[in-house]
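# Structural overview for review
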Amino acid sequence: MISEREAAKYPFLKGAVSLVETLSLKVDDLADPSYSRVLDRGEQRVSEAILEGIVSASLGDALTEMLSFPVAVMFVTVVGDRFLDRRYALAEAVRVYELLKGESETRIARMAREEFGWNLRLIRRELDGQIYRFELHFTDYLRNAASFHEDKWKLVNRVMRDGYVLLTRVEAARLIQVEVEDLIRKRVSKHGRIALPDAVQERVDRVAKLFEEHRARIGGEELPSEVVSDAFPPCIRHAFEGLMSGRRASHMERFALTSFLVNAGMDLDRIVQLFVSVTDFDEQLTRYQIEHIAGLRGSRTRYTPPTCATMRTHGVCYNPDRLCKRIKHPLTYYRIKIRDFKKKGEGRPAE
Amino acid sequence: MAEQGWGSVPYVAEQFRRFYASRAERVKAPPEIKQREFGFLSFGGRSMFRHIAFDDVNQLRSHLAENTPAHAYYSAAYYSAPEAEMEYKGWLGADLVFDIDADHIDTPCKADHDRWRCRACGEEGTGRAPERCPSCGKAAFEEETWLCDRCLEAAKYEAQKLLDILIQDFGFSPGELEVNFSGNRGYHVHVRSPHVRGLGQLARREIVDYIMGIGIKPEYQGLSSRMRGGPPSLLEDGWRGRSVKALYDYINDATPDAIKALKLGRATTANLLEHRDKILRLLMERHPSSIVRYVDPKALERLMEAAVKEQASAIDTVVTTDVHRLIRLPNTLHGKTGWLAQTVAIDDLEDYDPLASAIAFTDGTERVYVRRAPRFRIGDETYGPFEEERVELPLAAALFLLCKKAARVER
Ligand code: SF4
Ligand SMILES: [Zn+2]
Ligand SMILES: [Zn+2]
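So, how was this worked out
Residues numbered from 1 in each chain as written. Chains lettered and ligands numbered in written order. Predicted model: local features only at pLDDT ≥ 70, side-chain atom pairs only at ≥ 80, totals over all residues. Heavy atoms only, no water. Domains from an automatic or database assignment. Buried < 20%, exposed > 50% of the residue type's maximum accessible area, 1.4 Å probe, protein only. Helix = DSSP H or I, 4+ residues; strand = E, 2+ residues; numbered from the N terminus. Pairing = 2+ DSSP bridges. Donors = N, O, S within 2.8 Å, 3.2 Å for Na, K, Ca; no water. Tetrahedral: all angles 85-135°; square planar, octahedral: opposite > 155°, others 65-115°. Contact = heavy atoms within 4.5 Å. Axes fitted to C-alpha atoms, helices over the stretch in contact; angles between N-to-C directions. Buried area = accessible area lost by both parts, 1.4 Å probe. Salt bridge = Lys/Arg side-chain N within 4 Å of Asp/Glu carboxyl O. Polar contact = N/O pair within 3.5 Å; in protein donor to acceptor, adjacent residues only side chain to side chain. Nonpolar A, V, L, I, M, F, W, Y, C, P; charged D, E, K, R; others polar. Patch = residues over 30% accessible without salt bridge, like charges linked within 9 Å, V, L, I, M, F, W, Y side chains within 5 Å. Areas by Shrake-Rupley, 256 points an atom, 1.4 Å probe, with all protein chains shown as cover. Lys, Arg positive; Asp, Glu negative; His and termini not counted. Charge placed at Lys NZ, Arg CZ, Asp CG, Glu CD. pLDDT = per-residue confidence, 0-100. Arc of directions from axis to C-beta. Phe/Tyr/Trp six-rings, centres within 6.5 Å; stacked < 30°, edge-to-face > 60°. Lys NZ or Arg CZ within 6 Å of the ring centre and 35° of its normal. Parallel < 35°, antiparallel > 145°, perpendicular 65-115°, else oblique. Left-handed = near helix turned anticlockwise from the far one by under 90°.

This part covers the domain arrangement of chain A. Domains assigned within chain A are domain 1 (4-98 + 183-218), domain 2 (101-176) and domain 3 (229-344). On a C-alpha basis, the centroid separation for the pair domain 1 of chain A and domain 3 of chain A is 38 Å.

See below:
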């Protein structure tokens, strides 16, 4: 069993979870005034996530702190919005990252191994003025770092030998952040209705309202209904213009273009027309493939366009511009461009 | 190519049938056969029979003997229900696979043995098909691809570079690796290790980038003015050493024109031309950051990108990142060559000669009419080039031309 203080710091740990379980808290108990501080802090965790993007590390009252985490998780679960799930999980994970940066190597290693099963070795190696303290097996490394955008996290830019990747202390903490985010996101994504005492429901409603007010600012917006081709990222523009001029495109390029158009909301008939008019593609087949990508057939999942990193791998990231430096996904590029258009008050170009 | 009968499909199918009737027992089961999906292309068939599962190797062998497929594949993935439709298969993981195909390597011999023809206007040319037809602008071609010793050597060289990276950098033991000649223009490398099974697409993409050197940045290989120096890194493990070695080789080998063509800026280009020996000596004797005063950061990035291509391995990016991929089953026949796909022991790869070892049909001869074929070798004999002529050839050579649709049986 871990200490209350430890459980307050890292309330997602297996030990912390079972500590809370021994208290066998019931939802109805929460209405009791003695829990109001726990509810306050729980609500605060979520609003901090919405407003600041990070949950503060107030470690004053360990018991309150520890209990407020499952309460906050419950709030988010009941609100039941995928975007809030992500926002909250990330904010909790950033909090953990900040705390971990102050921990010893052995503490970091213990958490990584015991909670997340990392194949990790403690070492000390100095290279180019950096001090590396860990060697992590590349599979554990990739599970967490593969989604990162910065060059320094690409495996090709790491020092790797015999399957182990060198990490500094801070880098290890950063990778644990990803594990924590995943773990918490899994916990909050089990949406469901629970009958709550009024005092508790009130708080859920407040959190939900706060989230709605800030949804647009923090980027959970929907895309416009018409397709704005002036907002296409360079890769998609290139693929689009290539298609129009009859240039031969790789499978990946065609997939990227189609899935992009589908997700940007272009009418399926229009997409089919586009392909058929400029190539000698068979209409039936083209329609079938596009409907597949749109999730109307087969597995019924709509395909999203590949990420920028995937585009790069397959050689279809074409001529990235300045905005590309800040984004990881062609659709994000599109969203930002559209937001800029709106801000500048430019009329929407007729597409 | 609308003429009937090129390739004499029924004849080839009959030869394949005889082969499998007597030699299907040489086909081995892939590990954990029950969790694999199989797929087959039949002669003349256009669509793949997939979602097929076998309980054991005997079922697989009888399937081959009874159905005589032109191509046989199995999944790199493991499924709980391999015979189900994709969404119900229950993906359990997948081997990490790499495909090296001479198609993706720019060998100069392609201009000698490959041809294309525009479907719209009939324009023809040699080498790889262009992006668009130079005469009508359309983009649909018929392509005729052949292979030669140079193609196969190039593919093997890429496979060897890949194996080095997998063993030295990724730490796989040779026992976790299987190398197969594909039966046509390349090699497949399978990594079977509990570590890699669960890797998702993102992780596999990072592995692809690592192997191809995509996204490599000099400042993370020790080449930054912020670095304080230290020993030379040329002989270090991983990309840290490999990238500097790549730079060394590139700067050493590049002609002044090639350096100029990289458009590295006036100062850097001048430095590379005037101080080449000095730069090379620095790379050899000092910490690599000592060259940054000769090459500005942007130019260095460009230079490194060009340089690492030679050290990286040219794998197919799509195959490795696709976790549902079907891969050719070793010890089966390849319908486009009549050769065997076969496993090659890693230690034997260096001396492996597919044009001798992967020949499946060793007895008899056949008379064929050849419309056109470049020179090719099988075993110790070379044949061709042929154009519009009747020849009697050993069965393996005749089948090769038939599988390539370049000939038909004369009876
Ligand atoms: S960075 Fe992304 S959005 Fe920009 S061109 Fe490349 S793939 Fe497209
Ligand atoms: Zn043409
Ligand atoms: Zn060749």
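Looking along a regular strand, one sees side chains alternate from face to face of the sheet. All names here are of chain B. Within strand 11 (residues 186-191), six of the six residues are buried, which leaves the element mostly enclosed by the surrounding structure. Going residue by residue along strand 11, you find Gly-186, His-188 and His-190 tucked away on one face and Tyr-187, Val-189 and Val-191 tucked away on the opposite face as well. Two strands pair when backbone bridges link them, and strand 6 (residues 96-101) and strand 11 are joined in this way by six bridges, in the antiparallel orientation. From the neighbouring strand, Asp-99 faces strand 11, where its bridge partner is His-188. Bridge count for strand 10 (residues 177-181) against strand 11 is five bridges, and the pairing is antiparallel. Note that in strand 11 the partner of Phe-181 across the bridge is Tyr-187. Taken together, strand 10 and the strand that follows it, strand 11, pair antiparallel across an intervening segment of four residues, in which Gly-183 is found at a positive phi of about 90 degrees.

What follows is about the domain arrangement of chain B. What the domain assignment lists for chain B is domain 1 (9-102 + 150-203 + 317-409), domain 2 (110-147) and domain 3 (218-311). Computed over C-alpha atoms only, the centres of domain 2 of chain B and domain 3 of chain B are separated by 39 Å.

On to the coordination of the zinc ion (ligand 2). All names here are of chain B. In this structure, Cys-118 (SG), Cys-121 (SG), Cys-133 (SG) and Cys-136 (SG) serve as the protein donors to the zinc ion (ligand 2), at separations of 2.3 to 2.4 Å. Coordination at the zinc ion (ligand 2) is tetrahedral, judged from the four donor atoms that bind it and the angles of 104 to 116 degrees they form at the metal. Each donor residue of the zinc ion (ligand 2) belongs to the same chain, with the gaps between them written as C-x2-C-x11-C-x2-C. Judged by relative accessible area, which is 4%, Cys-133 ranks as buried. The class of Cys-136 is partly exposed, set by a relative accessible area of 34%.

Quick look at the sheet that holds strand 2 (residues 130-137) of chain A now. Residue and element names in this part refer to chain A. The four strands lie next to each other as 1-2-4-3, forming an open sheet whose pairing is antiparallel. Each of the sheet's edge strands pairs with one partner strand only, and the pair in question is strand 1 (120-127) and strand 3 (160-161). Across six bridges, the pairing between strand 1 and strand 2 is antiparallel. Bridge pairing links Arg-125 to Tyr-132 in strand 2. Each of strand 2 and strand 4 (164-167) is contacted by helix 8 (residues 169-188), which is oriented at about 110 degrees to strand 4, the strand it contacts most.

Attention now goes to unusual backbone geometry. Here the bond from Gly-384 of chain B into Pro-385 of chain B is cis, since omega is 0 degrees, no more than 30 degrees from zero. Assignment of secondary structure puts Pro-385 of chain B in the loop between strand 16 (381-383) and strand 17 (386-394). One non-glycine residue, Asp-128 of chain A, lies in the positive phi region at around 50 degrees. Note that Asp-128 of chain A resides in the loop between strand 1 and strand 2.

Bringing the interface of chain B and chain A into the picture now. Contacts between chain B and chain A engage 45 residues on the former and 34 residues on the latter. Interface of chain B and chain A: buried area, both sides summed, is about 3,300 Å²; carbon and sulfur atoms make up 56% of it. Between chain B and chain A we count five salt bridges in total. Where Asp-128 of chain A meets Arg-240 of chain B, a salt bridge forms, and the shortest distance between an N and an O atom there is 2.8 Å. Linking chain B with chain A are 17 residue pairs in polar contact (both at pLDDT 80 or more), by the criterion used here. Of all the elements in the fold, those that place two or more residues in the side of chain B that touches chain A are strand 9 (141-144), helix 4 (149-169), helix 5 (194-197), helix 6 (201-212), helix 7 (238-253) and helix 12 (317-321) of chain B. A per-element tally of the side of chain B that touches chain A places helix 6 of chain B first, with eight residues. Its residues assigned to classes, the side of chain B that touches chain A shows 21 nonpolar, 12 polar and 12 charged.

What follows concerns a negative patch on the surface. Residues and elements named next belong to chain B. A surface patch of like charges, here negative, comprises Asp-347, Asp-348, Glu-350 and Asp-351. Looking at the secondary structure, you find Asp-348 in the loop between strand 13 (342-344) and helix 13 (354-357). Residue Asp-348 is classed as partly exposed on the basis of its relative accessible area, which comes to 46%.

On to the confidence of the model for chain A. Residue and element names in this part refer to chain A. Residues of chain A with pLDDT of at least 70 account for 92%, and the chain-wide mean is 86. The secondary-structure element of chain A with the lowest mean pLDDT is helix 12 (residues 268-278), recorded at 75, while strand 4 shows the highest, at 97. Note on residues 346-351: pLDDT under 50 across the span, and 11 contacts to partners over four residues away in sequence or across chains.

A word on the coordination of the zinc ion (ligand 3). Residues and elements named next belong to chain B. Protein coordination at the zinc ion (ligand 3): the donors are Cys-109 (SG), His-113 (NE2), Cys-148 (SG) and Cys-151 (SG), at 2.1 to 2.3 Å from the metal. Geometry at the zinc ion (ligand 3) is tetrahedral, judged from its four donor atoms and the angles of 101 to 127 degrees they form at the metal. Ordering the donors of the zinc ion (ligand 3) by residue number gives the pattern C-x3-H-x34-C-x2-C. Separated by 35 residues along the polypeptide, His-113 in helix 3 (residues 110-113) and Cys-148 in the loop between strand 9 and helix 4 bring together distant segments of the chain. Note on accessibility: His-113 and Cys-148 belong to one class, buried.

This part covers helix 2 (residues 57-67) of chain B. Residue and element names in this part refer to chain B. Residues of helix 2 that are buried include every one of Val-57, Leu-60, His-63 and Leu-64, and no others. All buried residues of helix 2 lie within an arc of 120 degrees about the axis, which places them on one face of the element. On its buried side, helix 2 packs onto helix 1 (9-23), strand 1 (38-41), strand 2 (49-52) and strand 3 (71-75).

It is worth spelling out the packing of aromatic side chains at this point. Inspection of every chain in the model, using the stated rule, returns 31 aromatic pairs over all chains. Ring centres 5.8 Å apart and planes at 55 degrees place the aromatic pair Phe-19 of chain B and Phe-361 of chain B in the tilted group. With Phe-19 of chain B in helix 1 and Phe-361 of chain B in the loop between helix 13 and strand 14 (365-373), this pair connects stretches of sequence that are 342 residues apart. Exposure remark for Phe-19 of chain B: the relative accessible area of 6% places this residue in the buried category. Take Phe-361 of chain B: its relative accessible area is 9%, and that puts it in the buried class. Each residue in the set Phe-138 of chain A together with Phe-170, Phe-172, Tyr-210 and Trp-239 of chain B is aromatic and connected to the rest through ring pairs, giving one cluster. Directly above the ring of Trp-146 of chain B sits Lys-404 of chain B, whose terminal nitrogen or CZ lies 5.9 Å from the centroid.

Taken as a whole and judged by the stated rule, the model has 54 salt bridges over all chains. A salt bridge links Lys-101 of chain A to Glu-98 of chain A; its shortest N-O distance comes to 3.6 Å. A salt bridge links Glu-153 of chain B to Lys-156 of chain B; the nearest nitrogen and oxygen atoms lie 3.6 Å apart. Taken as a pair, Glu-153 of chain B and Lys-156 of chain B lie in helix 4 at a separation of three residues, close to a single helical turn.

Looking now at the packing of helix 4 (residues 62-79) of chain A against helix 9 (residues 198-215) of chain A. Residue and element names in this part refer to chain A. Relative orientation of the contacting elements helix 4 and helix 9 amounts to 65 degrees, with a least axis distance of 10 Å. In terms of axis orientation, helix 4 runs roughly perpendicular to helix 9. The hand of the helix 4/helix 9 crossing is right-handed. In this structure, helix 4 contributes Met-74, Phe-75, Val-78 and Val-79 to the contact, and helix 9 contributes Val-200, Arg-203, Val-204, Val-207 and Ala-208. Counted by class, the contact of helix 4 with helix 9 contains eight nonpolar, no polar and one charged residues.

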